[in-house]
Amino acid sequence: MNGLSIKGMLGALLLAVSGVVQGNVAVPEHFSARAKELLADSIELAPAAHAVNVVYFLGNDNEPEPDYERRLSELLLYVQQFYGKEMQRNGMGARSFGLRREANGNVRILLVRGKKSHRDYPYNGGTNACLQEVAEFFRSHPEEKHSDHTFILMPTFHDEQNGEKSPGGVPFYGYGRDCFALDYADFDIKHLGQNTREGRLLTKWLGGFAHELGHGLNLPHNAGTTSDVALYGTPLMGAGNYTFGMRPTYMTRSSCRLLTASETFALAGDETDFYPKGAPAPVIEAASVVPSADKLVVRMRVSGCAFVNLQVQDPPFQVNRDYDAVAFCMAEEKLPGTDSVVYSLEVPLAELQGLQNTRKGEQALEVLLTQANGWRYRWRITLDWSKLTLDAPLPLPETGPLYRGY
Ligand code: ZN
């Protein structure tokens, strides 16, 4: 009922004045009853410095799905709250990705029409043509670009394989700082959590919407520790795209920490120059890993980094084969009088029950190094439990040069 509160009135006033507010505003009057119910326990989010650009992309021959502005606004605000609540639970503050708002409270969704038929922007091979046209749109409308991160939604194809009952045909994945999801007429929050055909379909596509958005905001896949999975369910950046809205789904502390260095999570007043060209990579000055019967002890001395996370995973060690990577945040201790920081972590093997190879076979430790400017680097250490000597330091690979991206 914050529509009548002082805060709500102030929010409405701010909206009327600027047309753009990130952070907390009253739930718009024209939202559906179900959306009002689901957003009633919204937390107040700290105002964001930037916003993710939301684009609704069409070909030259199709139209948006009915009522897309209200439906997608409700879903985006719900997902924004989910991220915000998980950030808060994980100790990162009540903050989420910024969204621009229209005067009526809807999320600002930019309608961009491509030059070709919608069928020329398919799941396989349609991405670059779409991104080029979105980039052209931002070149001619620079005032509409509020960060380097763009979330692109396309209506489902309407053909033999894809349609309202089985949406698809269009790109649906993260792609660097861009990400893609789809829209269809029943993509409506009123179906959330219902064990009906529409409810199950909504979980699939809204879970994917929230998960792919995570990729577009800088997140890699990860899995939960044994303790967290028992407490909170399935991580969004693991298989949470299949559980979101239907069964308990959460964000790992590792994901939340990574988001603190995403441009879209920067707080109002933060003047960081994100993703600058030519910025130097972090330097790993020393590292040691000691495996023992019940834990892995990792210590690293690093300069040029804001924080370091670590993921442990089974093979194969390839793109999109990392849903099993159990993620941790390393503790840090600044070394006085230097730029170096010592990062350390004890990984209890009991927290790796989701992995098959613990104490048995090959595993990788993926060290994720994040800079305050948002650049991310990865360094991989592999070990084989069947060959190593317990309580002795592992022989480690060369640390440099580090490559960019998680
Ligand atoms: Zn994914």
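Here is a short report on the structure shown in this document. (Residues numbered from 1 in each chain as written. Predicted model: local features only at pLDDT ≥ 70, side-chain atom pairs only at ≥ 80, totals over all residues. Heavy atoms only, no water.)

What to know about the pairing of strand β15 (residues 376-384)
In terms of strand pairing, strand β14 (residues 362-370) meets β15 through nine bridges, oriented antiparallel. Its bridge partner being in β15, A364 is matched across the sheet by T382. The antiparallel pairing of β14 with β15 creates a hairpin that spans five residues between the two strands, and G374 there sits at a positive phi of about 95°. Sheet topology note: the β15/strand β16 (residues 403-404) ladder contains two bridges and is antiparallel. Directly across from R378, in β16, lies its bridge partner Y403. (Pairing = 2+ DSSP bridges. Helix = DSSP H or I, 4+ residues; strand = E, 2+ residues; numbered from the N terminus.)

Observations concerning the coordination of the zinc ion
Distances from the zinc ion to its protein donors, namely H211 (NE2), H215 (NE2) and H221 (NE2), fall within the range 2.0 to 2.1 Å. Going along the chain, you hit the donors of the zinc ion in the pattern H-x3-H-x5-H. H221 matches H215 in its accessibility class, with the two residues each being buried. (Donors = N, O, S within 2.8 Å, 3.2 Å for Na, K, Ca; no water. Buried < 20%, exposed > 50% of the residue type's maximum accessible area, 1.4 Å probe, protein only.)

Considerations on the sheet that holds β15
Strand pairing in a sheet is mediated by backbone hydrogen bonds. Such pairs are either parallel or antiparallel. Read across the sheet, five strands follow the order β11-β10-β14-β15-β16 without closing on themselves; strand pairing throughout is antiparallel. In the strand order of this sheet, the two ends are held by β11 (326-329) and β16, each with one partner.

Topic: the environment of Y323
Among the structural elements, Y323 can be located in the loop between β10 (307-313) and β11. Between the C-alpha atom of Y323 and that of F137, which follows or precedes it by 186 residues, the distance is 34 Å. Discounting residues that sit within four places of it in the chain, Y323 has contacts with H211, H221, N222, A223, M237 and G238. One polar contact links Y323 to H221, side chain to side chain, over a distance of 3.4 Å. (Contact = heavy atoms within 4.5 Å. Polar contact = N/O pair within 3.5 Å; in protein donor to acceptor, adjacent residues only side chain to side chain.)

Section: the pattern of salt bridges
Applying the stated rule across the entire model yields 23 salt bridges. Notably, a salt bridge pairs K85 with D41, separated by 3.1 Å at the nearest N-O pair. In this pair, K85 sits in helix α3 (residues 68-89) while D41 sits in the loop between α2 (33-38) and β1 (53-58), placing the two residues 44 residues apart along the sequence. When the shortest N-O distance is used, the salt bridge between R197 and E198 registers 3.5 Å. Here the salt bridges do not stand alone but share partners, grouping D67, R70, E74 and D188 into one network. (Salt bridge = Lys/Arg side-chain N within 4 Å of Asp/Glu carboxyl O.)

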